[in-house]
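# Remarks on the overall topology
These are the residues of each chain, in order.
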Amino acid sequence: MLTKNQIYEATIVDYTTEGQGIAKIEGCAVFIPNAIVGEVCRVRIEKAQKTWAAGKIVEILERSAHRINRECPVAKLCGGCNFWHMDYEEECRLKAERVRTCLNRIGGQNLTEMPILRAPTCHSYRNKAQYPVAVKNGRAYAGFFKAGTHSVVENSRCAILPPEMDLVKDAVIDYVNQFRVSVYDELSHKGLLRHIYVRRGAVSGQILVCLAVNGRKLPHVPELTRRLKKIPGFATLVLSVNTKKGNTVLGDEFLTLYGEGFIEDTLCGLSFRLSPRSFYQVNHHQAQRLYAAAIEQAGITKSDTVLDLYCGVGTITLAMAAAAGKVIGVEVIPQAVEDAKENARRNGIENAEFFCGDAGEAALALEKQGVHADVVVVDPPRKGLNADAIEALVRFAPRRIVYVSCDPATLARDVALLSQRGYRLQNAQAADLFPRCAHVESIVCLCKQ
């Protein structure tokens, strides 16, 4: 067992799933933030357990050629980004390797390489932000949580967000401080404003501002609206009623204070309506490339029925409609289903149907109704597919399953389960939709054997 506060010399040999460096010191795995594979560092042990330890770089003795100067002044504190200390080449390499390793170790595959869709830029790409709000020395401020904590790190300009989003954040905070709007405290469950949620259409430029509050009213709404109207693209202001304890950002009830309560954007040549709860990929450019890859791998024909589980507002579903005979989308969030139906109507798509319900349960219900699916597309949350969804996929017996994933480990687990039930992995590709952040998307196609 290593000694806390002791300094050791170590070589960085690998990365964790969050992008921390890994070193082996006296047979113990040591996790080191802001480290790059190949570097030799002097490391101070900050936490020591029997089988692992956490350390901090004291001095870099041999510097990686991939190390760069951080563009973000709070990158070491903020939990939003992970890779401002390395160049984009190394970031993409480690992300692709993470997907390949998971599919091999957990998924039972034998992949020797993993292509990755690289992003054209690491800047201003996110179309959604959720700023937690806090108070320091009597002044409200907003930023992002420090990694592993609920301590808010203030940052005047976030490099991965469009500047208009930070303008919204600043306008809301100025309003809060001027009118002494109370800020929510998790421990006492008192205070009003919890989060500032901003969504911006990448093509339309329209901005939706949603304030998550511990209540049902805001004071001085006209003054807040006046400030927001000065920001280019501002279209609507919505209140999200969230009076529950815990760290969930949005509540279940939404009150429109200004505008329509939604914005519009264009993706894959189609127009989409976006409400606060609507799932929509945060990187517009990369999402279009990801969906294009999904459509290509699906190999859809005009005689096919395509089932899209976890369809959100219908982005993949409607993008596949032109190639298919019929498309069916399933989504558990009622507002997203309504948005999906409206999106089909506004785009003149008549061969699409949408159902509200849990993916697995809805799929089994459709199967009992005699619905047959030739191709199934799944884009589940981080936890992956549940047992009902796996069972539904097997019973539908589609010739192809296209799986879009935001977590390589759960993807690999599900690939292993589907491989045991008669499906073979045909294609696999990583996609970087989150430059400078640890998350990585991937897309695989499984064919029925």
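Structure report, in brief.

Procedures and definitions
- Residues numbered from 1 in each chain as written.
- Predicted model: local features only at pLDDT ≥ 70, side-chain atom pairs only at ≥ 80, totals over all residues.
- Heavy atoms only, no water.
- Pairing = 2+ DSSP bridges.
- Helix = DSSP H or I, 4+ residues; strand = E, 2+ residues; numbered from the N terminus.
- Axes fitted to C-alpha atoms, helices over the stretch in contact; angles between N-to-C directions.
- Contact = heavy atoms within 4.5 Å.
- Buried < 20%, exposed > 50% of the residue type's maximum accessible area, 1.4 Å probe, protein only.
- Polar contact = N/O pair within 3.5 Å; in protein donor to acceptor, adjacent residues only side chain to side chain.
- Expected span 1.5 Å × (residues − 1).
- Parallel < 35°, antiparallel > 145°, perpendicular 65-115°, else oblique.
- Left-handed = near helix turned anticlockwise from the far one by under 90°.
- Phe/Tyr/Trp six-rings, centres within 6.5 Å; stacked < 30°, edge-to-face > 60°.
- Lys NZ or Arg CZ within 6 Å of the ring centre and 35° of its normal.
- 1 Å grid on protein atoms, 1.4 Å probe; cavity = no way out; pocket = protein on both sides within 12 Å on 5 of 7 lines; lining within 4 Å.
- Points joined across faces, edges and corners; volume = space filled by probe spheres on them.
- Nonpolar A, V, L, I, M, F, W, Y, C, P; charged D, E, K, R; others polar.

Turning our eyes to something else, we now look at the sheet that holds strand β13 (residues 253-258). Spatial strand order, β9-β8-β7-β10-β11-β12-β13: seven strands in an open sheet with mixed pairing. The outermost strands of the open sheet, each flanked by one partner alone, are β9 (152-154) and β13. In this sheet, neighbouring strand axes are inclined to one another by 35° on average, regardless of whether the strands run parallel or antiparallel. Both strand β7 (residues 128-136) and strand β10 (residues 193-200) contribute to a ladder of five bridges, which runs antiparallel. From the neighbouring strand, Lys 128 faces β10, where its bridge partner is Arg 199. Lying on the sheet, helix α2 (residues 163-178) is in contact with β7, β8 (139-145), β10 and β11 (207-213); it crosses β10 at an angle near 150°.

Moving on, we come to the environment of Asn 82. Mapped onto the elements, Asn 82 comes out in the loop between β5 (52-62) and α1 (88-105). When its relative accessible area of 26% is taken as the criterion, Asn 82 is described as partly exposed. C-alpha separation for the pair Asn 82 and Pro 435, spaced 353 residues apart in sequence, amounts to 9.2 Å. At 2.9 Å, the side chain of Asn 82 and the backbone nitrogen of Ala 438 are in polar contact.

We now examine helix α6 (residues 334-346). If you check α6, its first and last C-alpha atoms are 18 Å apart, about what 13 residues at 1.5 Å a residue would give, namely 18 Å. Considered for burial, the residues of α6 that qualify are Ala 336, Val 337, Asp 339, Ala 340, Glu 342, Asn 343 and Ala 344. Of the surrounding elements, those touching the buried residues of α6 are β15 (270-274), α5 (315-321), β17 (326-331) and β18 (352-356). A positive backbone phi angle near 65° is found at Gly 348, which sits one or two residues after α6.

With that settled, the discussion passes to the packing of α2 against helix α3 (residues 221-228). Here α2 crosses α3 at 150°, and the two axes come no closer than 9 Å. With respect to each other, α2 and α3 are oriented roughly antiparallel. Note on packing geometry: the crossing formed by α2 with α3 is right-handed. Where α2 abuts α3, its residues Val 168, Ala 171, Val 172, Asp 174, Tyr 175 and Gln 178 lie against Leu 224, Arg 227 and Leu 228.

Bringing the packing of aromatic side chains into the picture now. Each aromatic ring pair is described using two quantities: the centre-to-centre distance and the angle formed by the ring planes. Summed over all chains, the structure comprises four aromatic pairs. Pairing Phe 234 with Tyr 258 gives two aromatic rings, centres 5.4 Å apart and planes at 15°, and the pair type is stacked. One end of the pair, Phe 234, is in strand β12 (residues 234-241); the other, Tyr 258, is in strand β13, and 24 residues separate them in sequence. The partly exposed category is assigned to Tyr 258, whose relative accessible area is 30%. Stacked on the ring of Tyr 184, the Lys or Arg Arg 194 has its end atom at 4.0 Å from the ring centre. Against the face of Phe 262 rests Arg 273, its NZ or CZ located 4.9 Å from the ring centre.

Considered as a void within the structure, the second largest pocket measures approximately 360 Å³ in volume. In this structure, the second largest pocket is lined by 14 residues; those nearest its centre are Asp 14, Tyr 15, Arg 98, Thr 101 and Arg 105. Listing elements by their share of the lining of the second largest pocket, those giving two or more residues are β1 (7-15) and α1. Looking at the lining of the second largest pocket, the element that brings in the most residues is α1, giving seven residues. When the residues that make up the lining of the second largest pocket are grouped by side-chain class, the tally is six nonpolar, three polar and five charged.

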